[in-house]
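The chain contents come next:
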Amino acid sequence: EAQVTQNPRYLITVTGKKLTVTCSQNMNHEYMSWYRQDPGLGLRQIYYSMNVEVTDKGDVPEGYKVSRKEKRNFPLILESPSPNQTSLYFCASSHYRGRSNQPQHFGDGTRLSIL
Amino acid sequence: GENVGLHLPTLSVQEGDNSIINCAYSNSASDYFIWYKQESGKGPQFIIDIRSNMDKRQGQRVTVLLNKTVKHLSLQIAATQPGDSAVYFCAENIRGSGGGADGLTFGKGTHLIIQP
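The model shown is predicted, which means the values in this text are computed figures rather than measured ones.

1. A word on the nonpolar core
And then number 1: Counting 20 residues, the largest nonpolar core has B:I21, B:W35, B:L73, B:L75, B:Y88 and B:L112 as its most contacted members.
And then number 2: Listed by contribution, the elements that provide at least two residues to this core are β2 (10-14), β3 (19-25), β4 (32-38), β5 (45-51), β7 (62-67), β8 (72-77), β9 (86-93) and β11 (110-115) of chain B.
And then number 3: Excluding residues within four positions of it along the chain, B:L112 makes contact with B:L11, B:V13, B:S19, B:I21, B:I77, B:D84, B:S85, B:A86 and B:Y88.
And then number 4: Counting residues in each nonpolar core, the second largest holds 19 residues, with A:V4, A:C23, A:F74 and A:C91 among its members.

2. What about the state of the cysteines?
And then number 1: Counted by the stated rule, this structure contains two disulfides over all chains.
And then number 2: Across the disulfide from A:C23 sits A:C91; the S-S distance is 1.9 Å. In this structure, the disulfide formed by A:C23 and A:C91 twists by about -75° around the S-S bond and is classed as left-handed. You can see A:C23 sitting in strand β3 (residues 19-25) and its partner A:C91 sitting in strand β9 (residues 87-94), a full 68 residues away along the chain.
And then number 3: The buried category is assigned to A:C23, whose relative accessible area is 2%.
And then number 4: Looking at A:C91, the relative accessible area reads 0%, which means it is buried.
And then number 5: Between the sulfur atoms of B:C23 and its disulfide mate B:C90 the distance is 1.8 Å. On the S-S bond that ties B:C23 to B:C90, the torsion sits near 55°, and the link is right-handed. Placement of the pair is B:C23 in strand β3 and B:C90 in strand β9, with a sequence separation of 67 residues.
And then number 6: For B:C23, a relative accessible area of 1% gives the class buried.

3. Describing the sheet that holds strand β8 (residues 76-78) of chain A
Residue and element names in this part refer to chain A.
And then number 1: Across the sheet, four strands lie side by side as β1-β3-β8-β7; this open sheet has antiparallel pairing. The sheet is open, and its two borders are formed by β1 (4-7) and β7 (65-66), each paired with just one other strand.
And then number 2: Across three bridges, the pairing between β3 and β8 is antiparallel. Its bridge partner being in β8, V21 is matched across the sheet by L76.

What counts as what
- All residue numbers refer to position in the chain's written sequence, counted from 1.
- Chain A is the first chain written and ligand 1 is the first ligand written, with later ones labelled in order.
- Per-residue local features are limited, in this predicted model, to residues with pLDDT of at least 70; the limit for side-chain atom pairs, both in listing and counting, is 80 or more; totals at the level of whole chains, interfaces and linings are taken over all residues.
- Working from all heavy atoms in the structure, the side-chain values ignore hydrogens and water.
- Among buried residues, the Ala, Val, Leu, Ile, Met, Phe, Trp, Tyr and Cys ones that are joined through side-chain atoms within 4.5 Å form a nonpolar core.
- Exposure classes here rest on a 1.4 Å probe applied to the protein chains alone. A residue is buried below 20% of its type maximum, exposed above 50%, and partly exposed in between.
- Only DSSP runs of H or I covering at least 4 residues are called helices, and only runs of E covering at least 2 are called strands; the numbering of each starts at the N terminus.
- Whether two residues are in contact is decided by their heavy atoms: any pair within 4.5 Å suffices.
- Note on terminology: pairs of cysteine sulfur atoms within 2.5 Å are recorded as disulfides.
- Strand pairing follows a simple DSSP-based rule, namely that at least 2 bridges must link the two strands.

Pasting the structure below:
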């Protein structure tokens, strides 16, 4: 089954304790992206990657890091989490065919609570 | 900056009726639009997309209409069913723009409620 898998689905942690949210897709997609979803603000892009070893900032990258060492994986790293990073996070992927847009497939989300 | 927005935060319709969810966008450079459905506890699910060289596209029970003159997008759902209850987002993208705009800009969402 084609899917985007995020882990963990839920996490409660404390300020300053490094954490990583993993994302894996099995569709051989070139493009992967992380979003956060907050009430009243909708979905906002954090980082994206157009292919292996190619990453770039989205609209709200502060406090986050990503890496793309393999095509299928795109982990989101919070080196020193703070309470304002409490949110619902989504990973998404799609084919990237040059200048042609393709719809993104989303994971089921990771709910992070930073105390 | 220019954002995608939605006219109504909540829409309540009777089961079996048709639903119309509206979306206004303000970025005239946007040329690709998507509608997503998000059920509680799940990620956004692709419904239908449309490119700016079209003004209408139909799927199974859904139709997307694009009016570039007034920068308006709508999603029509025919014969709504209880399973259609969800939050619906429109999203826009600017083709090949790079520099962070390869992602989607989402509207805030409309909560569709199906009354029995």
